[in-house]
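Listed here are the chains, written in short residue letters.
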Amino acid sequence: MEKFYKRRVVVTGMGLVSPLASNVEISWQRLIRGLSGVKKLPANFYGDTPVHIGGTIPSCEEDAPGGLAMNKFISVQEQRKADRFIQLALVAAEEAITEAGLYLLNEKEKTDVATIVATGIGGFHSITNAVNTVSLKGSRKLSPYTIPSFIANLAAGQISIKYGYKGIIGTPVTACAASIQAIGDGYHIIKSGRADIAVVGGSESCINPVSLGGFHAVRALATNYNDRPECASRPFDADRNGFVMSEGAGILVLEDLEHALCRGAKILAEVKGYGTTSDAWHITAGPEDGSGASLAMQKAINDSKLHPENIDYINAHSTSTWVGDKAELAAIRNVFQKNRPYISSTKSSTGHLLGAAGATAAIFSIKSINNATVPPSININNLDAAADGLNIIANTAKSTAINNVLINGFGFGGVNASIILSKFTC
């Protein structure tokens, strides 16, 4: 078993459906230009809640180059059988699997492909629609696809079924840390020799009056920027007012290095380290000192055999809430001491994709490594005093060499997860 743990794990494919665009490259180009995917929502999305904005994926009708044409990926008939979070996962998976060249795998090789796709909530639209159907028409009017449409593991299940992957399958459902944990699980599965390839990531789509109303009830969502939605997501800014809920999916293909080299795959980055912890503190808020987050970051750094001074860029979890942002800043100070890596939160442009947030940030971080560019945190007009002295990349992207990136994901229940991605070198 020891020889397996010496395996190196690399990334060979990426797929993304985000509020910025329905693929990786256009999302990245818009991100580094400082654009926002947050917009005014249709009234039926928010009902009587005071939250009127969100990060929805543009349609091909409203955005010809970057919009999503779902019918090109999934038939209308099949769309009726699966919640939107499953559909988005399938779209992102197709982009990632195509880039990785996994269509060329034979049947034996498919038995060594794991599928680990996270979600924070699962099929929230299907759940609320089913409840409404029972209330108005009775349970006999429910579709036989009701349950399979909303179960959390069905994004992973549908991907596995579509491509015939027969290895380990799993679904972290750990709030907003879920897709970082999915990447970490895939990394460990490959390191341990239980798979050669892992399709990992996360998907989320739950913007509706129930979810918006519920998050608003815990004072988590932005409500002061309904007339300026593009300004609403503002991590590190003193005028932040809460996070912006978004939808999307991010999928990565992880692979054992030797396996990737043998089949001639293009290597995009290397997964170097992973750490995950629990605050054991509170159901919705972490401790002010960010001690649990500090421990997750330190574990990831230790696992990578790197040191804090080797980390060039932190793609912060910071979602634009007072409590969460300040705790993460405290944690970064604690771990990095006098070191000053670049810091930004790509959620400033995308909003918060909940269970898909970490995978989205990981994809942007790999683009950062390969394009020698740190994406900006937009909407910083009045930097929070808690960020003084830290190397926050505010409003404008920075061109600079990036070798090692740490990505954070923290969630309700006290879950913390950090992953380190690095520039691939032989």
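Residues numbered from 1 in each chain as written. Predicted model: local features only at pLDDT ≥ 70, side-chain atom pairs only at ≥ 80, totals over all residues. Heavy atoms only, no water.

A. The layout of surface pockets, seen in detail. The calculated volume of the largest pocket comes to roughly 690 Å³. Around the largest pocket, the lining is made up of 38 residues, and of these T284, T321, V323, G324 and F412 lie nearest the centre. Of all the secondary structure elements, the ones that give two or more residues to the lining of the largest pocket are helix 10 (209-217), helix 13 (322-336), strand 14 (404-411) and strand 15 (415-422). When residues in the lining of the largest pocket are grouped by element, the largest group, six residues, is from helix 13. (1 Å grid on protein atoms, 1.4 Å probe; cavity = no way out; pocket = protein on both sides within 12 Å on 5 of 7 lines; lining within 4 Å. Points joined across faces, edges and corners; volume = space filled by probe spheres on them. Helix = DSSP H or I, 4+ residues; strand = E, 2+ residues; numbered from the N terminus.)

B. Spatial organisation of helix 1 (residues 24-32). Within helix 1 the residues assigned to the buried category are V24, S27, W28, R30 and L31. Looking straight down helix 1, one finds its buried side chains confined to an arc of 170°; they lie on one side. Where helix 1 begins, the side chain of N23 points an oxygen toward the backbone nitrogen of E25, at a separation of 3.3 Å. (Buried < 20%, exposed > 50% of the residue type's maximum accessible area, 1.4 Å probe, protein only. Arc of directions from axis to C-beta. Polar contact = N/O pair within 3.5 Å; in protein donor to acceptor, adjacent residues only side chain to side chain.)

C. Layout of the pairing of strand 4 (residues 113-118). Of all the six residues making up strand 4, six are buried; the element is thus mostly covered by neighbouring parts of the structure. By the alternation rule, side chains of strand 4 split into V113, T115 and V117 and A114, I116 and A118, which are all buried. Pairing analysis gives two bridges linking strand 4 to strand 5 (residues 169-170), with the strands arranged parallel. Residue pairing for strand 5: I116 is matched across the bridge by G170. (Pairing = 2+ DSSP bridges.)

D. Focus on the pairing of strand 15. By the criterion of burial, strand 15 is predominantly enclosed, with eight of the eight residues buried. Across the two faces of strand 15 the burial is the same, with V415, A417, I419 and L421 and N416, S418, I420 and S422 all buried. Of the strand pairs in this sheet, strand 14 and strand 15 are connected by eight bridges, and their pairing is antiparallel. Bridged to V405 within strand 15 is L421. Hairpin connection from strand 14 to strand 15: three residues lie between these consecutive antiparallel strands, with G413 at a positive phi of about 90°.

E. Examining the side chain of H259 more closely. In this fold, H259 is placed in helix 11 (residues 257-262). Residue H259 is classed as buried on the basis of its relative accessible area of 17%. Of the polar contacts made by the side chain of H259, one reaches the side chain of E255; its length is 2.7 Å.

F. Here's a closer look at the packing of aromatic side chains. Enumeration according to the criterion identifies four aromatic pairs in this entry. Relative to Y165, the ring of Y163 has its centre 5.7 Å away and its plane inclined at 15°; by these criteria the two rings are stacked. Three or more aromatic residues joined by ring pairs form one cluster here, namely Y103, Y163 and Y165. (Phe/Tyr/Trp six-rings, centres within 6.5 Å; stacked < 30°, edge-to-face > 60°.)

G. Spotlight on the nonpolar core. Counting residues in hydrophobic clusters, the biggest one holds 46 residues, and the most contacted among them are V11, L252, L254, V271 and I366. With sequence-adjacent residues up to four places away left out, L254 is seen in contact with V9, V10, V11, I183, G186, Y187, I190, D196, I197, A198, V200 and V271. With 32 residues, the next largest nonpolar core counts A82, I86, V113 and I197 among its residues. (Core = buried A, V, L, I, M, F, W, Y, C linked by side-chain atoms within 4.5 Å. Contact = heavy atoms within 4.5 Å.)

H. Just the packing of helix 1 against helix 15 (residues 357-371), in detail. For the pair helix 1 and helix 15, the least separation of the axes is 11 Å and the interaxial angle reads 75°. Considered as vectors, helix 1 and helix 15 are oriented roughly perpendicular to each other. Here helix 1 contributes V24, E25, S27, W28 and L31 to the contact with helix 15, which in turn contributes I363, F364, K367, S368 and N371. Residue composition of the contact of helix 1 with helix 15, grouped by class: five nonpolar, three polar and two charged. (Axes fitted to C-alpha atoms, helices over the stretch in contact; angles between N-to-C directions. Parallel < 35°, antiparallel > 145°, perpendicular 65-115°, else oblique. Nonpolar A, V, L, I, M, F, W, Y, C, P; charged D, E, K, R; others polar.)

I. View of unusual backbone geometry. Of note in the backbone geometry, K305 takes a positive phi value of approximately 65° without being a glycine. Using a relative accessible area of 67% as the deciding quantity, one classes K305 as exposed. Even without a glycine there, the phi angle at N395 is positive, about 75°. Looking at where N395 falls in the secondary structure, it is placed in the loop between strand 12 (391-392) and strand 13 (398-399). The exposure class assigned to N395 is partly exposed, which follows from its relative accessible area of 33%.

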